[in-house]
Amino acid sequence: ATPDTDPTDLDANLRKGRRITAKLPTALAAFTRRRNGNDPVAPRADLDHAANFLYMLNDDEPDEVLADTFDMALVLHADHGLNASTFAAMVTASTLSDLHASVTSAIGALSGSLHGGANQDVMEMLKEVDDSEKDPLKWVREAMANDRRIPGFGHRVYNVKDPRAYLLSERSKALGEAAGEMKWYNYSTTIEEEMIEETGIAPNVDFYSASMYYQMGIPIDIYTPIFAMSRVGGWIAHVLEQYEDNRLIRPRARYVGEQDQSVPPIEKR
């Protein structure tokens, strides 16, 4: 057996965790470049985690503001309680499957539209507002009148504005000011104010991360993989805690259907 085969070996899992955390952004940047016909860019030892991803993605060293902004976004997305993907990772780990399988389960849960992808939906909505050439207030009022779901609002944990959204909105505004292009931030604040006034529902972390990533030149369709690239740190931490005092996560199910049903013979079906 190799040294890293025991799923509960902490030292082995720390080695695996470092490798997984490093490989996700490297693979994502390489994939994004290859599909555009560009060669992958090797990481640099002198750049940190966030700056390296932007460098590998664009073949250009990011300035300090962009690198710091992206680093903050990765930190804010790294962990958030027992969300669906984290719980999926823990359930898999509880069977004494290994760290790679647990992270794979988490990614599977994140791929679902009710968990990952909200900030992609937000940015596509903001682009729709822009393409419509309508006043954003008129646009969101019409959307709400048509019972359209506005992405980026509401959260399972918070009844108030997601505290992470405060920080990301500030960075989105700063990026807009630096680029001399405030429309994405202005669209967002207009929609936020109307949603809060009409529904009482506040924005979550996805709402402002959308325009922030867009202004950084990150392709919209890799927003969810970037979420995984960040959240993998949280997944790994929870899996390591699960291994420390493991019990199989196996909820009971209670049947609430009809009772005393009979099964007719095949010849009478």
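What counts and what doesn't
- Residue positions within a chain follow its written sequence, with the count starting from 1.
- Totals for whole chains, interfaces and linings use every residue, but because this is a predicted model, local features are given only for residues with pLDDT of at least 70 and side-chain atom pairs only at 80 or more, for both listing and counting.
- Water and hydrogen atoms play no part in the side-chain values, which are based on all heavy atoms of the structure.
- Only DSSP runs of H or I with at least four residues qualify as helices, and only runs of E with at least two residues qualify as strands; both kinds are numbered from the N terminus onward.
- Each residue's exposure class comes from its accessible area (1.4 Å probe, protein chains only) as a fraction of the maximum for that residue type: buried when under 20%, exposed when over 50%, partly exposed otherwise.
- Whether two residues are in contact is decided by their heavy atoms: any pair within 4.5 Å suffices.
- Charge assignment: positive for Lys and Arg, negative for Asp and Glu; neither His nor the chain ends contribute.
- In plain terms, the charge of a residue is placed at NZ if it is Lys, CZ if Arg, CG if Asp and CD if Glu.
- Pairing of aromatic rings covers Phe, Tyr and Trp, the last through its six-membered ring, and needs centres within 6.5 Å; plane angles under 30 degrees mean stacked, over 60 mean edge-to-face, and all others mean tilted.
- In these notes, a set of buried Ala, Val, Leu, Ile, Met, Phe, Trp, Tyr and Cys residues joined through side-chain atoms within 4.5 Å is what counts as a nonpolar core.
- Salt bridges are counted wherever a side-chain nitrogen of Lys or Arg sits within 4 Å of a carboxyl oxygen of Asp or Glu.
- In this scheme, patches are assembled from residues that exceed 30% relative accessible area and form no salt bridge. Like charges are connected within 9 Å, while nonpolar side chains (Val, Leu, Ile, Met, Phe, Trp, Tyr) are connected within 5 Å.
- All accessible areas in this document rest on Shrake-Rupley with a 1.4 Å probe, and a residue is counted as covered only by the protein chains that are shown.
- Between the N-to-C directions of two axes lies an angle of 0 to 180 degrees, each axis being a line fitted to C-alpha atoms and, for a helix, fitted only over the stretch in contact.
- A clockwise turn of the near helix away from the far one marks a right-handed crossing, whereas an anticlockwise turn of less than a right angle marks a left-handed crossing.
- Just so you know the grouping, Ala, Val, Leu, Ile, Met, Phe, Trp, Tyr, Cys and Pro go in nonpolar, Asp, Glu, Lys and Arg go in charged, and all remaining residues, Gly too, go in polar.
- An expected span of 1.5 Å times one less than the residue number is assigned to each helix.

Visitor: So what's going on with the overall build of the protein chain? Residues and values would help.
Guide: Secondary structure assignment for the protein chain yields 11 helices and zero strands. Mapped in sequence order, the helices and strands of the protein chain form the string α-α-α-α-α-α-α-α-α-α-α. Considered along the principal axes of its C-alpha atoms, the protein chain spans approximately 70 × 55 × 40 Å. Taking all 269 residues of the protein chain together, 43% fall into the buried category. Long-range contacts, defined as pairs at least 24 residues apart, comprise 72% of the intrachain contacts of the protein chain with a sequence gap of at least 6. On the protein chain, the mean spot of the 28 positive side-chain charges and the mean spot of the 42 negative ones are 7 Å from each other.

Visitor: Could you give an account of the packing of aromatic side chains, with specific residues and numbers?
Guide: Evaluated as defined, the whole model comprises eight aromatic pairs. On the numbers, 4.7 Å between centres and 55° between planes, the contact of F153 with F207 is tilted. Of this pair, F153 sits in the loop between α7 (136-145) and α8 (163-179) while F207 sits in helix α10 (residues 205-215), and the two are 54 residues apart along the sequence. Neither F153 nor F207 differs from the other in exposure class; each is buried.

Visitor: Let's hear about the nonpolar core: which residues, and what values?
Guide: General note: in soluble globular proteins, nonpolar side chains tend to be found buried as a group. One finds F53, F70, I150, I191, Y213, I218 and I226 to be the most contacted residues of the largest nonpolar core, which totals 47 residues. Per element, the largest residue contribution to this core is seven residues, and it comes from helix α2 (residues 49-58). Each residue touching I191, except ones within four places of it in the same chain, is listed here: M125, L126, V129, V140, I150, F153 and F207. Core analysis: the second largest hydrophobic core is formed by 15 residues, L99, V103, A228 and Y243 among them.

Visitor: Tell me what's going on with unusual backbone geometry, and back it up with residues and numbers.
Guide: In this structure, D59 is a non-glycine residue whose phi angle is positive, near 55°. Along the chain, D59 turns up in the loop between α2 and α3 (64-77). Phi at D147 is positive, roughly 60°, even though this residue is not glycine. When you line up the elements, D147 lands in the loop between α7 and α8. We classify D147 as exposed; its relative accessible area is 71%.

Visitor: Tell me what's going on with the environment of I220, and back it up with residues and numbers.
Guide: Within the secondary structure layout, I220 lies in the loop between α10 and α11 (223-244). Classification of I220 as buried rests on a relative accessible area of 15%. Counting along the chain gives 103 residues from I220 to G117, while the straight-line C-alpha distance between them is 9.7 Å. Beyond its immediate chain neighbours, meaning those up to four positions away, I220 contacts Q120, M123, E124, K127 and Y214.

Visitor: Explain the pattern of salt bridges to me, and be specific about the residues and the numbers.
Guide: Scanning all chains against the criterion turns up nine salt bridges. Close ionic contact of E128 with R148 constitutes a salt bridge, the shortest N to O distance being 2.7 Å. Pair noted here: E128 is in helix α6 (residues 118-132) and R148 is in the loop between α7 and α8, with a separation of 20 residues, a long-range link. Among the residues examined, E128 registers a relative accessible area of 34% and is labelled partly exposed. We classify R148 as partly exposed; its relative accessible area is 38%. Members of the salt-bridge network, linked through shared partners, are R44, D46 and E61.

Visitor: Which residues make up a negative patch on the surface, and what are the values?
Guide: Taken together, D79, E241, E244 and D245 make up a surface patch of like negative charges. The residue D79 is located in the loop between α3 and α4 (84-94) in this model.

Visitor: Provide a residue-level description of the packing of α4 against α11, including the pertinent values.
Guide: Where α4 meets α11, the closest approach of the two axes is 9 Å, and the angle between their N-to-C directions is 35°. The way α4 lies across α11 gives a crossing that is right-handed. Contacts between α4 and α11 involve S85, T86, A89, M90, A93 and S94 on the former and, on the latter, R231, W235, H238, V239, Q242 and Y243. By residue class, the composition of the contact of α4 with α11 is six nonpolar, five polar and one charged.

Visitor: I'd like a description of α6, backed by residues and values.
Guide: The end-to-end C-alpha separation of α6 is 21 Å, in line with the 21 Å expected for 15 residues at 1.5 Å each. By the burial criterion, the buried members of α6 are A118, N119, Q120, V122, M123, M125, L126 and V129. Residues of α6 that are buried sit in contact with α7, α9 (183-199), α10 and α11. Positive phi shows up at E133, right after α6, with a value of about 60°.

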